[in-house]
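Here is what each chain is made of, one letter per residue.
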Amino acid sequence: MSNEAHEIYEKAYKLWNPDKVETFRSYGVELSMGEREGSYFKDLDDNQYINMHSNGGVFNLGHRNPEIREAIIKGVELVDAGNHYYPSKYKNELCEKILDASPDNMKYVFMLSGGGEANDAAIKFARKATGRTRVIALECAFHGATGIAMQAGNPDMAAFFNMKPDEEEYTHVPYNDLGAIEEVLKKNDTACVIIETIPATAGFPTPIDGYHKSIEELSHKYGALYIADEVQTGLMRSGEMWCACKLGATPDIIVSGKGLSGGYYPMSAVIMNENAGGWLKEDGFAHVSSFNASEIGCIVSSKAMEIMTRDSTKENVDMLTNFFAAELSKIQSKYPQFLSEIRQCGVIMGLKTSHPMGGPALMKGLMNNGVWSVMANFDKSVLQFKPGLLMKKETAEEVIKRLDKAIEETLAMFS
Ligand SMILES: Cc1ncc(COP(=O)(O)O)c(C=O)c1O
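Along every chain, residues carry numbers that run from 1 in the direction the sequence is written. At least 70 in pLDDT is required for a residue's local features to be given in this predicted model, at least 80 for side-chain atom pairs to be given and counted, and no such filter applies to totals for whole chains, interfaces and linings, which use all residues. Derived side-chain values reflect all non-hydrogen atoms in the structure, with water molecules and hydrogen atoms excluded from consideration.

### As for the overall build of the chain
And step 1. Helix numbering and strand numbering both begin at the N terminus, where a helix is a DSSP run of H or I of at least 4 residues and a strand a DSSP run of E of at least 2. What the chain contains, in helices and strands, is 16 helices and 15 strands.
And step 2. Expected size for 415 residues packed as a compact globule is a radius of gyration near 22 Å; at 21 Å, the chain falls within 12% of this value.
And step 3. Along the three orthogonal principal directions, the C-alpha set of the chain runs to about 60 × 55 × 45 Å.
And step 4. Throughout, exposure labels follow a simple rule: accessible area from a 1.4 Å probe, protein chains only, divided by the maximum for the residue type, with under 20% read as buried, over 50% as exposed, and the rest as partly exposed. Split into buried and exposed, the 415 residues of the chain put 55% on the buried side.
And step 5. Within the chain, contacts between residues separated by at least 24 positions form 72% of all contacts whose residues are at least 6 apart in sequence.
And step 6. Just so you have it, the chain exposes about 17,600 Å², and 51% of that area is on carbon and sulfur atoms. Throughout, radius of gyration means the C-alpha value; the globule benchmark is 2.2 Å times the number of residues raised to the power 0.38. Throughout, a contact is declared for two residues whenever any of their heavy atoms are within 4.5 Å. Using the Shrake-Rupley algorithm and a 1.4 Å probe, accessible areas are obtained, with residue cover drawn only from the displayed protein chains.

### Concerning the site of the ligand
And step 1. The near set for a molecule or strand comprises every residue that places at least one heavy atom within 4 Å of it. Neighbouring the ligand are the residues Gly114, Gly115, Gly116, Asn119, Phe142, His143, Gly144, Glu196, Asp229, Val231, Gln232 and Lys258.
And step 2. We define a polar contact as two N or O atoms separated by no more than 3.5 Å, with the added condition that, inside protein, one atom must be a possible hydrogen donor and the other a possible acceptor, whereas residues neighbouring each other in sequence contribute only through side-chain atom pairs. Between the ligand and Lys258 there is a distance of 2.9 Å, counted from an oxygen atom to a side-chain nitrogen or oxygen.
And step 3. For the shell around the ligand, the leading source of residues is helix α5 (residues 115-130), giving 3 residues.
And step 4. In terms of residue class, the shell around the ligand is made up of 2 nonpolar, 7 polar and 3 charged. The classification used treats Ala, Val, Leu, Ile, Met, Phe, Trp, Tyr, Cys and Pro as nonpolar, Asp, Glu, Lys and Arg as charged, and all other residues, Gly among them, as polar.

### With respect to the sheet that holds strand β15 (residues 379-385)
And step 1. Only strands joined by at least two bridges in the DSSP assignment are considered to pair. The strand order across the open sheet formed by 4 strands is β11-β12-β15-β14, and the pairing between neighbours is antiparallel. Of all strands in the sheet, those with a lone pairing partner are β11 (339-345) and β14 (374-376), marking the two edges. Adjacent strand axes in the sheet meet at a mean angle of 30 degrees when their direction is disregarded.
And step 2. Pairing of strand β12 (residues 348-353) with β15, which is carried by 4 bridges, proceeds in the antiparallel orientation. A fitted line through C-alpha atoms serves as each axis, taken over the contacting stretch for helices, and the angle formed by two N-to-C directions is quoted from 0 to 180°.

### A look at the domain arrangement of the chain
And step 1. The domains assigned to the chain are domain 1 (31-64 + 311-414) and domain 2 (66-308).
And step 2. The C-alpha-based centres of domain 1 and domain 2 are spaced at 26 Å.
And step 3. Residue-level contacts link 31 residues of domain 1 with 35 residues of domain 2.
And step 4. By definition, the buried area sums, over both parts, the 1.4 Å-probe accessible area that each loses when the two are put together. Taken together, the two surfaces of domain 1 and domain 2 that pack against each other cover about 2,500 Å², and 61% of this comes from carbon and sulfur.
And step 5. Salt bridge, as used here, is a side-chain nitrogen of Lys or Arg placed within 4 Å of a carboxyl oxygen of Asp or Glu. A salt bridge links Arg69 to Glu37; its shortest N-O distance comes to 3.4 Å.
And step 6. Applying the counting criterion to the domain 1 and domain 2 interface returns 15 residue pairs in polar contact (both at pLDDT 80 or more).
And step 7. When residues of the side of domain 1 that touches domain 2 are traced back to their parent elements, those giving at least two are α14 (311-334), β11, β12 and β15.
And step 8. Taken together, the residues that form the side of domain 1 that touches domain 2 break down as 14 nonpolar, 10 polar and 7 charged. Each domain's extent was defined by an automatic or database domain assignment.

### Quick word on the pairing of β12
And step 1. Burial runs high along β12: 6 of the 6 residues are buried.
And step 2. Of the two faces of β12, both are covered, the one formed by Ile348, Gly350 and Lys352 as well as the one formed by Met349, Leu351 and Thr353.
And step 3. A loop of 2 residues connects β11 with β12, the two strands running antiparallel in sequence, and Gly346 in this loop sits at a positive phi of about 65 degrees.

### Focus on helix α13 (residues 295-308)
And step 1. Across its 14 residues, α13 extends 20 Å between first and last C-alpha, which sits within 8% of the 20 Å expected from 1.5 Å per residue.
And step 2. Across the 14 residues that make up α13, a large majority, 13, are buried. To estimate how far a helix should reach, multiply one less than its number of residues by 1.5 Å.

### Some details on the packing of helix α15 (residues 358-368) against helix α16 (residues 393-414)
And step 1. Between α15 and α16, the least distance of the axes is 8 Å, while the angle of their chain directions is 125 degrees. When the axes of α15 and α16 are compared, the pair comes out oblique. Where α15 crosses over α16, the handedness of that crossing is right-handed. When α15 is examined against α16, the residues Ala361, Leu362, Gly365 and Leu366 are found in contact with a partner set consisting of Arg402, Leu403, Ala406, Ile407, Thr410 and Phe414.
And step 2. When its residues are assigned to classes, the contact of α15 with α16 shows 7 nonpolar, 2 polar and 1 charged. Note that the term roughly parallel is reserved for angles under 35 degrees, roughly antiparallel for angles over 145, roughly perpendicular for angles of 65 to 115, and oblique for everything else. Each crossing is labelled by how the near helix is turned from the far one, with a counterclockwise turn of less than a right angle marking it left-handed and a clockwise turn marking it right-handed.

### Some points on unusual backbone geometry
Leave glycine aside and you will find that most residues have negative phi; peptide bonds, for their part, are mostly trans.
And step 1. Positive phi is not limited to glycine here, since Asp46 has a value of about 75 degrees.
And step 2. Its location among the elements puts Asp46 in the loop between β2 (40-43) and β3 (48-51).
And step 3. Phi is positive for Asn162, which is not a glycine, with a value near 55 degrees.
And step 4. With respect to the helices, strands and loops of the structure, Asn162 is situated in the loop between α7 (155-160) and β6 (170-173).

Encoded structure:
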């Protein structure tokens, strides 16, 4: 390790986040990012990695996408964050692009900076629309670390900060259990059911057939709204713009983030139907935020939306989807004792291992072979496998070759 890298880790341990630094150190996967371009980045010692984590989709369009870079450079010549009180053509342009790519029932887009903040807002908007407070969410969910979103997510995370959710306001149910959702909805006091379309932090466990459509129908039957948290699964990662729609459902609210940033400027969006967004006609000042629909952010996100809605992008995602499906199935047949399940919906993938700490072990094995990927935090037997939408076939082939070698080496370590 270079002196520069060593100094960065030591200072970060002291000043920034001791436990994060120590945790990755204990897994043998310390890293500080250096140069980056497309599907690749380097660490400070010039080791190159293929990015198969994409920061949950922040790098949906790769690192330093040249078209986004050009848009942001032109944008800073023209505007700044703008004023959240006033309209702007850049805000309108982004709203139009997002609504054009969303189901017809969607009418408004409310833009913020992060996914957690947008989930907080979405739940508030559902509470306002229904006049109710209860939120039904998954036990295995992660909706962000802000107040309401954190309480809606896995209760242990909120408990760490003494924010244990009030049982009258939040009910957590097991994944894939529609009966459990209906039992709670029968109380007729639920404002919304919020579901990560495929829960990322739980390792992308596969939903049962018709799960999301049933959630939509059950929610409406009992007067609640259905919020699809598409922060990780949206923006073409499933092969369609919104994964919940691909799986047959029409949410009342779609929440997006991460990749809307183009990897450069934090942006998130709450996309709402008339019912959910009705409050905007009543009191437009009810939810304000300094960086709401920042103009420079809108320029960046509009360019990201333009790229994500291109036919060529869809074709590439379909190519990657089919390639990984075929090749991961071969790898699984080669290592059935280790790879117990391949979870995949488009380029949203989770490799489930048969070992409780198989995720970090494989993360290290891959890192030794120049591939960066991260375990699922709520189920460390799983490795999240998330290429960008524009990854080239040759790079995907390289990922598979390196994965094969990494599994062989990881198994040797376990035996
Ligand atoms: C599904 C999901 N929702 C929400 C969030 C929170 O987004 P942010 O970190 O931008 O607040 C995340 C972050 O990882 C996420 O994975």
